[in-house]
Structures are given as structure tokens and as C-alpha cells.
Amino acid sequence: VERERDGRVLTYRSDIERTLLDTLDQPKRCGPPEVWVRAWERAMREQRADPVRLTGHAEQRSAAVQARLAFWLRETGHVRQARRVIRAINGPLTGRTLLDASRAFGDGPWKRDRDTGVVVNLPERAIDGWLEYAK
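Described below are features of the structure shown in this document. If you're wondering where the values come from, they're calculated on a predicted model, not measured in any experiment. (Residues numbered from 1 in each chain as written. Predicted model: local features only at pLDDT ≥ 70, side-chain atom pairs only at ≥ 80, totals over all residues. Heavy atoms only, no water.)

### Quick look at the nonpolar core
So, point 1. Core analysis: the biggest nonpolar cluster contains 30 residues, and Trp40, Leu54, Leu69, Trp72, Leu99 and Ile127 have the highest contact counts within it.
So, point 2. Looking at this core, the elements with two or more residues in it are α1 (16-25), α2 (33-45), α3 (51-58), α4 (63-75), α5 (79-88) and α6 (124-134).
So, point 3. For this core, the element with the most residues is α4, which contributes seven residues.
So, point 4. In contact with tryptophan 40, not counting residues within four places along its chain, are Leu20, Leu21, Thr23, Leu24, Leu54, Leu69, Trp72 and Thr76. (Core = buried A, V, L, I, M, F, W, Y, C linked by side-chain atoms within 4.5 Å. Buried < 20%, exposed > 50% of the residue type's maximum accessible area, 1.4 Å probe, protein only. Helix = DSSP H or I, 4+ residues; strand = E, 2+ residues; numbered from the N terminus. Contact = heavy atoms within 4.5 Å.)

### Here's the deal with the packing of aromatic side chains
So, point 1. All chains considered together, the criterion is met by two aromatic pairs.
So, point 2. Ring centres of tryptophan 36 and tryptophan 72 lie 6.2 Å apart, and the angle between their planes is 85°; this geometry places the pair in the edge-to-face category. Taken as a pair, tryptophan 36 in helix α2 and tryptophan 72 in helix α4 lie far apart in primary sequence, 36 residues in all. Taken as a pair, tryptophan 36 and tryptophan 72 share a single burial class, namely buried.
So, point 3. Measuring from ring centre to ring centre gives 4.9 Å for phenylalanine 71 and tryptophan 72, while their planes differ by 85°; the resulting arrangement is edge-to-face. Of the two residues, phenylalanine 71 and tryptophan 72, neither departs from the other in class, the shared state being buried.
So, point 4. One aromatic cluster in this structure is built from Trp36, Phe71 and Trp72. (Phe/Tyr/Trp six-rings, centres within 6.5 Å; stacked < 30°, edge-to-face > 60°.)

### Some points on α2
So, point 1. Its 13 residues give α2 an end-to-end C-alpha distance of 18 Å, which sits within 8% of 18 Å, the value for a rise of 1.5 Å per residue.
So, point 2. Along α2, the residues that are buried comprise Pro33, Trp36, Val37, Trp40, Glu41, Ala43 and Met44.
So, point 3. At its buried positions, α2 is contacted by α1, α3, α4 and α6.
So, point 4. Immediately downstream of α2, the backbone of glutamine 47 shows phi near 55°, a positive value. (Expected span 1.5 Å × (residues − 1).)

### What about the side chain of arginine 68?
So, point 1. Mapped onto the elements of the fold, arginine 68 is located in helix α4.
So, point 2. Salt bridges are absent for the buried arginine 68, whose nearest opposite-charge side chain, aspartate 25, sits at 5.2 Å.
So, point 3. There is a polar contact of 3.4 Å between the side chain of arginine 68 and the backbone oxygen of leucine 99.
So, point 4. If sequence neighbours within four positions are ignored, arginine 68 has contacts with Leu24, Thr97, Leu98, Leu99, Ala101 and Val118. (Lys, Arg positive; Asp, Glu negative; His and termini not counted. Salt bridge = Lys/Arg side-chain N within 4 Å of Asp/Glu carboxyl O. Polar contact = N/O pair within 3.5 Å; in protein donor to acceptor, adjacent residues only side chain to side chain.)

### Description of a positive patch on the surface
So, point 1. A cluster of basic side chains, namely Arg80, Arg83, Arg84 and Arg87, defines a positive patch on the protein surface.
So, point 2. Note on placement: arginine 80 falls in helix α5.
So, point 3. Judged by its relative accessible area of 63%, arginine 80 is exposed. (Patch = residues over 30% accessible without salt bridge, like charges linked within 9 Å, V, L, I, M, F, W, Y side chains within 5 Å. Areas by Shrake-Rupley, 256 points an atom, 1.4 Å probe, with all protein chains shown as cover. Charge placed at Lys NZ, Arg CZ, Asp CG, Glu CD.)

### A few points about the pattern of salt bridges
So, point 1. Overall, the coordinates contain 14 salt bridges when judged by the stated rule.
So, point 2. A salt bridge links glutamate 41 to arginine 45; its shortest N-O distance comes to 3.4 Å. Here the residue glutamate 41 and the residue arginine 45 both occupy positions in helix α2, the gap between them amounting to four residues, near one helical turn.
So, point 3. Judged by relative accessible area, arginine 45 falls into the partly exposed class, the value being 36%.
So, point 4. Put simply, arginine 74 and glutamate 75 hold a salt bridge, and the shortest N to O gap is 3.1 Å.
So, point 5. Residue glutamate 75 is classed as partly exposed on the basis of its relative accessible area, which comes to 28%.
So, point 6. Among the charged side chains, a network of salt bridges with common partners joins Glu41, Arg42, Arg45, Glu46 and Arg48.

All quantities given are derived from atomic positions and should not be read as evidence of function.
Right, here's the structure in full:
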């Protein structure tokens, strides 16, 4: 968060990269998944978000957030940067780190993403549809 002064008024604002990372850390505060998944697609496609800045900001977050970041970087076509993030966290995560932290693990047929180690607890067809819809 950056402090910004406009005359006598002091406000706080976030950059787009920090806001996108918030969707991975606190998705309950960011609306339903279809909203923030589309935001990821648009931000990355329109080059509003810088993958290098995302990675830099993510270094201050948990390994779970970094693994989720690697997942979305890869899904939005930034494979090289996703690999850098995965190397930074020493490979794929183990355990039950969910892609969408706002949802319970549930009984779904969720698969673990091989590259990141996150459990993809959103339907693959929905993810593909949301990403395509944002284009």
C-alpha cells in the first residue's frame, strides 16, 4: 500500500500487482472466483500487471500465495516467470494448499497441480471459461 497526499488529504492506495496478490491471499474479500479469475486474465493480457513486480511483491507473502501466483502466471501465458516463482519456493508445495483459499477442500475430485503443488479446487472447465470470457 502506498500513501498518497492530495493537498491536505492523505489516502492509501494499492497498485494492481498487490491487488491481484490479494485475490490469492484473501479471496473472500475479492468477490466470487469468476470475478477475480477474469481480472487476472485481463490484467495480464492487457499488460497492466507486471509479472516481475508481482513476483517481487509475492516474496513478502507466504509460499501458498507464491504457488498460487505461479499457477495464474502460467495460466495467463507467463510460463517463464511462473517457473522462477516455483524455484524460489524450492519446488511444488506439498500438503493441502488450495488454489481458491475461500473454499473448503470438500469432496470434489480435485487434482493437485503438478508444477505448483496447489490443489485446484475450482472446476477446470470453469477456469477455462472464465479465462476465455475475459478475452
